[in-house]
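Examining the three-dimensional arrangement
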Amino acid sequence: MPKFEFLKAVSKARIYGFENYKESINYIALNYPNSPEGEKAEEMLQNVMPMLAKNEFVEDTDSSVKNFKAIYQFIDTPTEEVDEFIKKLNDAILEVKHFELSISKDKYNNNTIFVVVHGLNSIQGALGFGEILNENEQKIDKEYFGISSQNYQIIQIHKNLESYLKSL
């Protein structure tokens, strides 16, 4: 049963974020204290959770930040439509030969999916990337935002996209 609880904790964290994850790990530690999973949960509460709790955004213009992403957000969009956009985006980035770019489809919450372009070197590059694609033959003109890898990790862990977008 504690192994199942760990699996549930991780699954819920991907959708609901850090606070839900912390509560689930605490539940395992309290309800299964003598099992290996309970001991691992207690160790995580002491050592891992304080590191994950950090939700302060870094300045995207900081010169020490080297990895950036361009994020296209889809809210309540059918999977087929997102997949069609990804195909079109893949075709478009093949024409952008300046970078080694890749694309992923990441779940943010129950109704939001991110299409993420990886491999950008600066916030200006991430912001200018969409402009290049809008001028490109493929004509991708969907709204997007640029973000550092560190800040992207924070919004995925804490589910605080609105806070990030307000800080721009």
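Residues numbered from 1 in each chain as written. Predicted model: local features only at pLDDT ≥ 70, side-chain atom pairs only at ≥ 80, totals over all residues. Heavy atoms only, no water.

1. Re the overall build of the protein chain
The helix and strand tally for the protein chain stands at eight helices and four strands. Dimensions of the protein chain, computed from the C-alpha atoms along their principal axes, are close to 60 × 40 × 30 Å. Taken across its 168 residues, the protein chain has 42% of its residues classed as buried. Sequence separation of at least 24 residues holds for 64% of the intrachain contacts in the protein chain that already meet a minimum separation of 6. Put simply, the protein chain has 18 plus and 26 minus side-chain charges, and the middle of one group is 3 Å from the middle of the other. (Helix = DSSP H or I, 4+ residues; strand = E, 2+ residues; numbered from the N terminus. Buried < 20%, exposed > 50% of the residue type's maximum accessible area, 1.4 Å probe, protein only. Contact = heavy atoms within 4.5 Å. Lys, Arg positive; Asp, Glu negative; His and termini not counted. Charge placed at Lys NZ, Arg CZ, Asp CG, Glu CD.)

2. Side note on helix H6 (residues 123-135)
Since the α-helix turns once every 3.6 residues, residues separated by three or four places project in the same direction. With 13 residues, H6 should cover 18 Å at 1.5 Å per step; its first-to-last C-alpha distance of 19 Å lies within 8% of that length. Where H6 bends most, at Phe129, the angle is about 25 degrees. The elements touched by buried residues of H6 are strand S1 (68-75), helix H5 (79-94), strand S3 (112-120) and strand S4 (145-148). (Expected span 1.5 Å × (residues − 1). Bend = angle between axes of the 7 residues up to and from the residue.)

3. Topic: the pattern of salt bridges
One pass over the full model with this rule turns up three salt bridges. For Lys8, the salt bridge identified is with Glu5, shortest N-O distance 3.6 Å. Linking Lys8 with Glu5, this pair stays in helix H1 (residues 2-16), spanning three residues, or about one helical turn. With a relative accessible area of 34%, Lys8 lands in the partly exposed category. Residue Glu5 is classed as buried on the basis of its relative accessible area, which comes to 9%. Ionic pairing is found between Asp83 and Lys105, a salt bridge with its closest N-O pair at 2.8 Å. (Salt bridge = Lys/Arg side-chain N within 4 Å of Asp/Glu carboxyl O.)

4. Describing the sheet that holds S4
One open sheet accounts for four strands, arranged S2-S3-S1-S4; its pairing is antiparallel. The sheet is open, and its two borders are formed by strand S2 (102-109) and S4, each paired with just one other strand. Ignoring which end each strand starts from, the neighbouring axes of this sheet average 35 degrees apart. Here S1 runs beside S4; their pairing, made up of four bridges, is antiparallel. Along S4, the bridge assignment pairs Lys69 with Ile147. Against the sheet, H6 contacts S1, S3 and S4, and its axis sits at roughly 55 degrees relative to S1. (Pairing = 2+ DSSP bridges. Axes fitted to C-alpha atoms, helices over the stretch in contact; angles between N-to-C directions.)

5. Quick notes on the nonpolar core
Grouped together as the largest cluster of nonpolar side chains are 20 residues, with contacts concentrated most on Tyr72, Leu89, Val115, Val117, Leu120 and Phe129. Within the residue set of this core, elements represented by two or more residues are S1, H5, S3 and H6. Broken down by element, the residue count for this core peaks at six residues, all from H5. Not counting chain neighbours up to four residues away, the residues in contact with Val115 comprise Ala70, Ile71, Tyr72, Phe74, Val82, Phe85, Ile86, Leu89, Ile103 and Ser104. Counting 13 residues, the second largest nonpolar core, distinct from the first, contains Ala13, Ile25, Tyr32 and Ala41. (Core = buried A, V, L, I, M, F, W, Y, C linked by side-chain atoms within 4.5 Å.)

6. As for the packing of H1 against helix H3 (residues 36-47)
The packing of two helices is summarised by the inter-axis angle and the distance between the axes. Look at H1 against H3: their axes get within 9 Å of each other, and the N-to-C directions meet at 35 degrees. In this structure, H1 contributes Pro2, Lys3 and Phe6 to the contact, and H3 contributes Glu37, Lys40, Ala41 and Met44. Class assignment for the residues of the contact of H1 with H3 results in four nonpolar, no polar and three charged. (Nonpolar A, V, L, I, M, F, W, Y, C, P; charged D, E, K, R; others polar.)

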